[in-house]
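# Structural characterization, general
Here's the letter readout for the chains.
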Amino acid sequence: MKFSIFFGAAAAARISREGHGVGLSAQVTVSADGSLSKTLARAAEDTRTRRQRLAMLQARAEEMAQTKLSPDAKGVIGTVLLPTLKDQIESAVLREFTTTQELLSSKVGGLQSESAVAEKARGVAVNQDKALDQCRTEEQTLMRDLEKCVADREAKIQRDAEACQQQRAAAVDACAARDDAANIELSALCIETKCNLADGNSCGVAEYKTIMEGVAATVAEKERVFNEKSTLCSKAQDDAAATCAAAEQYSSSDSCASKREVLGSKTSSCDQSSESASIAICSFGSDLQSKCADLSEVHELIAEIKGSSREDSLSEPDRQAEWAAVQRLTCLLEALRDDGDLSTEATAACAADRKYPKTFDYMSEAIAAITCDQKSFSFSGYSWIMGPTADECCRSAASLPFTAGADQPAFPVCGENPNTELLIGEGSELVKGTSVGEVQASENFEVSFVVTPHGTREGWANLIHFTQTGGNCCNEGDRMPAAWFSTGTTRLYVRSGRKGSGNDGCDPTQQLPIGKATKVDVRVADGKMQVFYDGSKACEKNTFGSPTMPSGTMVAYASDPWYNPALVTLSHLSYTRL
């Protein structure tokens, strides 16, 4: 008669009968120095050793069941085998349960703490970004105030110049009238040369006196008019001089200086606010990446705990199977000791009454409350493009795509790679033929940008174009890379040069959603061109085994001078040498 006490076929198959001792599971603790993996490794070794010992005990029980036991043998069962099962194997299984439960609880507790930290950081980022939005709104208002002041000043300068010119002309006219009044013409007086007083003739003295009085009156009147016009001339000259001097003084001064100073101070404050918002957003992104990593670790740990046929101390199904095997073996040994029923049915019935005393808490509700599936974050909900005038400053709805992987910046604004050159920061609409800078060319590279389509247009609509030659197509180096929307769509058409072709590439099939930001990565490396949308591969072309060997710098356009610009807002354009 042979008995098989097992805790699963797969588990029994891997238990060696060569073990010579029983190790106990070590206490598992989470520590920052990386000792967790070593501790788990030791615990796994203890588990394997313990299961080897269980197999040895099973084999010994089977041997004992084939013969009639002496009292001494029964004594060994009671004093050695059964205590070994209970004190070393059964108790180790329960300690292992506790250790695994504590490990998961510790992990979930850390996850909850990290989630709270991330949520708090998100609140800070939202507040900082809202403060930036408010600051930019106030800055735009101050720009309008300054622009009105400048316009009013220029209008006043023009009016003053016209008044100066008019008064100078009036002074010229007044002085010309004075000069005209200075000239007097008197008719010659007719005076007889001979006069005989004897004839009782007065020689016309009375007549002459009357004439002279008239002449004197005329001269006096002319003099009065002259003096009056001289006064008017002087006054007109003085008025013109004063008006022109005041106009000169006003034009040489800056009546808008105070407004200009206030605007400058506000701009500086907003720039600092922008930096603070970026720091807060990136800090939140880092915390969120940590939370996502912790959540992933928790899910991985739960998968290990729920898994079976494992060679470690984590599997709960294996632990339950081992407990059942221990109980069946205990029942068999007790039956051998007490001369009881050794049948399989009796052993199974005995073991069934000794149920596994633990219920593992997978903390499903606590874990379900923590997610990491949000692809983008809006913070204040807006972004600003600051132009040279208030009307050229644009406030638009915006959100930032999030990358969960810690090997990449959480948000596009957070990347600081010495091989990365940022060409466009905050979003802007595209203008045909706009050069956004120069970059050092590289054989392997990645171009990244965030694009929000606003509509479609007929014909090729260009987004970006890097050219080493200064040309459009289709020589090597003309497109390194370049991207368009196909006619009437928001489907990308991406091209880059390689040896033998200056216009190779791949074409994603899906269109980008209108009104929604999408992070686009164009990577040429390892003999392939790949295009990613929000981190997911959209297309791949395996023909870049011999890419164009670039040298020197390239000009970057957004958009280029050869095609109409795409109807998009484009931001966070960067070129990274790989």
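Residues numbered from 1 in each chain as written. Predicted model: local features only at pLDDT ≥ 70, side-chain atom pairs only at ≥ 80, totals over all residues. Heavy atoms only, no water.

A count of helical and extended segments in the chain gives eight helices and 18 strands. Residues classed as buried in the chain amount to 41% of the 578 residues present. Partitioning the intrachain contacts of the chain with sequence separation of at least 6 by distance along the chain shows that 75% fall at a separation of at least 24. Counting only carbon and sulfur atoms, one obtains 50% of the accessible surface of the chain, whose full area is about 29,800 Å². (Helix = DSSP H or I, 4+ residues; strand = E, 2+ residues; numbered from the N terminus. Buried < 20%, exposed > 50% of the residue type's maximum accessible area, 1.4 Å probe, protein only. Contact = heavy atoms within 4.5 Å. Areas by Shrake-Rupley, 256 points an atom, 1.4 Å probe, with all protein chains shown as cover.)

For the rest of this paragraph, the subject is the side chain of Thr330. Inspection of the secondary structure assignment puts Thr330 in helix H6 (residues 316–337). Thr330 sits in the buried class, given a relative accessible area of 9%. For Thr330, the residues in contact, after removing those within four places along its chain, are Leu82, Leu85 and Arg354.

Membership of the largest hydrophobic core comes to 36 residues, with the highest contact counts inside it found for Leu463, Phe466 and Leu573. The contact partners of Phe466, leaving out residues within four places of it in the chain, are Leu423, Val439, Val447, Asp478, Arg479, Met480, Pro481, Met554, Val555, Ala556, Leu573 and Tyr575. Counting residues in each nonpolar core, the second largest holds 20 residues, with Met64, Ala65, Ile89 and Leu336 among its members. (Core = buried A, V, L, I, M, F, W, Y, C linked by side-chain atoms within 4.5 Å.)

Here the structure, examined in full by the defined rule, presents 18 aromatic pairs. Relative to Phe402, the ring of Phe377 has its centre 5.9 Å away and its plane inclined at 90°; by these criteria the two rings are edge-to-face. Taken together, the residues Phe377 in strand S1 (residues 376–377) and Phe402 in the loop between strand S4 (400–401) and strand S5 (420–424) connect sequence positions 25 residues apart. This pair shows no difference in class: Phe377 is buried, exactly as Phe402 is. Here the guanidinium or amino end of Arg495 rests over the ring plane of Tyr493, the centre of that ring lying 3.8 Å away. (Phe/Tyr/Trp six-rings, centres within 6.5 Å; stacked < 30°, edge-to-face > 60°. Lys NZ or Arg CZ within 6 Å of the ring centre and 35° of its normal.)

Scanning the entire structure with this criterion turns up 26 salt bridges. Two residues, Glu138 and Lys266, come together in a salt bridge whose shortest N-O distance is 2.7 Å. With Glu138 in helix H3 (residues 71–181) and Lys266 in helix H5 (residues 257–306), the pair connects residues that are 128 residues apart, well separated along the chain. Given the relative accessible area of 31%, Glu138 is considered partly exposed. Between Lys156 and Asp160 there is a salt bridge whose closest N-O contact spans 3.4 Å. One end of the pair is Lys156 and the other is Asp160, both in helix H3 and four residues apart, which spans about a single turn. In this structure Lys156 comes out as partly exposed when scored by relative accessible area, which is 29%. Residues joined in a network through salt bridges with shared partners are Glu96, Glu316 and Arg319. (Salt bridge = Lys/Arg side-chain N within 4 Å of Asp/Glu carboxyl O.)

What follows deals with the environment of Glu476. For Glu476, the position within the fold is in the loop between strand S9 (461–467) and strand S10 (482–485). The partly exposed category is assigned to Glu476, whose relative accessible area is 37%. For Glu476 and Asn503, which are 27 residues apart along the polypeptide, the C-alpha to C-alpha distance reads 7.8 Å.

Quick look at the confidence of the model for the chain now. Mean pLDDT over the chain stands at 84; residues scoring 70 or higher make up 88%. Low pLDDT (under 50) marks residues 1–37, which in the prediction has 82 contacts with non-local residues, meaning those over four places away or in another chain. (pLDDT = per-residue confidence, 0-100.)

Our focus in this paragraph is the state of the cysteines. This model, assessed by the stated rule, comprises nine disulfides. Across the disulfide, Cys175 is cross-linked to Cys233 (sulfur-sulfur distance 1.7 Å). With the S-S bond torsion at 80°, the cross-link from Cys175 to Cys233 turns out right-handed. Note that Cys175 is positioned in helix H3 and Cys233 in helix H4 (residues 205–252), a separation of 58 residues in sequence. The class for Cys175 is buried, based on a relative accessible area of 9%. The side chain of Cys282 participates in a disulfide bridge whose partner is Cys414; the two sulfur atoms lie 2.1 Å from each other. Disulfide Cys282-Cys414: torsion about the S-S bond near -100°, hence left-handed. One end of the pair, Cys282, is in helix H5; the other, Cys414, is in the loop between S4 and S5, and 132 residues separate them in sequence. Cys282 gets classed as partly exposed once you look at its relative accessible area, which sits at 22%. (Disulfide = S-S within 2.5 Å.)

For the rest of this paragraph, the subject is unusual backbone geometry. The residue after Met480, namely Pro481, is reached through a cis peptide bond having omega 0°. Tracing the sequence through the fold places Pro481 in the loop between S9 and S10. With omega at 5°, the peptide bond leading from Ala558 into Ser559 counts as cis. Topologically, Ser559 is positioned in the loop between strand S16 (553–557) and strand S17 (564–565).

What follows deals with H6. Across its 22 residues, H6 extends 31 Å between first and last C-alpha, which sits within 8% of the 32 Å expected from 1.5 Å per residue. Most of H6 sits inside the fold, with 16 of its 22 residues counted as buried. Regarding H6, its N-cap is Ser315, as a side-chain oxygen of that residue lies 3.1 Å from the backbone nitrogen of Asp318 further along. Where H6 terminates, the next one or two residues include Asp339, which has phi positive at roughly 55°. (Expected span 1.5 Å × (residues − 1). Polar contact = N/O pair within 3.5 Å; in protein donor to acceptor, adjacent residues only side chain to side chain.)

Turning our eyes to something else, we now look at the packing of H6 against helix H7 (residues 344–352). Where H6 meets H7, the axes come as close as 8 Å, and the angle between the chain directions of the two elements is 120°. As the angle between them shows, H6 and H7 are arranged oblique. Considering the relative orientation of H6 and H7, their crossing is right-handed. Of H7, the residues touching H6 (which contributes Gln327, Arg328, Cys331 and Leu332) are Thr347, Cys350 and Ala351. By residue class, the composition of the contact of H6 with H7 is four nonpolar, two polar and one charged. (Axes fitted to C-alpha atoms, helices over the stretch in contact; angles between N-to-C directions. Parallel < 35°, antiparallel > 145°, perpendicular 65-115°, else oblique. Left-handed = near helix turned anticlockwise from the far one by under 90°. Nonpolar A, V, L, I, M, F, W, Y, C, P; charged D, E, K, R; others polar.)

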